[in-house]
Amino acid sequence: RASVPAERRLEIRYEDWIAEPRAVAARLGAFTGLDLLAEPACAHELELLDPARAERWRNTPVAAELERLAADVRVVAVMNAFGYSATSLAPGNQP
């Protein structure tokens, strides 16, 4: 992240994309100079996004693997750099 100038990057979090797809698409469009919301295919896809998907992974077999990864100091460092807590990976915990 530090090697790319701030004006040349846009950070989009998955949970924001799922929770507010139109707002994030508008930010992405403003960043790229494209009117994404005017594109029928994009607008249609945005309508299909389901906010419940953001937490659905917690009830899948991958959750146990994520718990193991959360104990790895390298993973914890990356999560911290992006503003996440490794404890949020445990089933039942919210980020």
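Just so we're clear, the structure is a prediction, and the values are computed from it rather than from any experiment.

Chemist: Tell me about helix α2 (residues 21-32), residues and numbers included.
Modeler: The periodicity of an α-helix, 3.6 residues per turn, causes residues three or four places apart in sequence to face the same way. Here α2 spans 16 Å end to end across 12 residues, near enough to the 16 Å set by a 1.5 Å rise per residue. Within α2, the full set of buried residues consists of P21, V24, A25 and G29. All buried residues of α2 lie within an arc of 140 degrees about the axis, which places them on one face of the element. The secondary structure elements touched by the buried residues of α2 are α1 (14-19) and α3 (40-48). Once α2 finishes, G33 follows within two positions and takes phi at roughly 80 degrees, a positive value.

Chemist: Run through the pattern of salt bridges, naming residues and quoting values.
Modeler: Side-chain pairing between opposite charges can occur once the charged atoms of the two side chains come close. Using the criterion set out here, one finds 3 salt bridges in the structure. The salt bridge involving E11 is made with R13; its shortest N-O contact spans 3.5 Å. Note on E11: relative accessible area 34%, which makes it partly exposed. Residue classification places R13 among the partly exposed positions, given a relative accessible area of 21%. Here E47 ties to R22 by a salt bridge, and the two come within 3.7 Å at their closest N and O atoms. With E47 in helix α3 and R22 in helix α2, this pair connects stretches of sequence that are 25 residues apart. The class of E47 is exposed, set by a relative accessible area of 57%.

Cut-offs used in this document
- Residues numbered from 1 in each chain as written.
- Predicted model: local features only at pLDDT ≥ 70, side-chain atom pairs only at ≥ 80, totals over all residues.
- Heavy atoms only, no water.
- Helix = DSSP H or I, 4+ residues; strand = E, 2+ residues; numbered from the N terminus.
- Expected span 1.5 Å × (residues − 1).
- Buried < 20%, exposed > 50% of the residue type's maximum accessible area, 1.4 Å probe, protein only.
- Arc of directions from axis to C-beta.
- Contact = heavy atoms within 4.5 Å.
- Salt bridge = Lys/Arg side-chain N within 4 Å of Asp/Glu carboxyl O.

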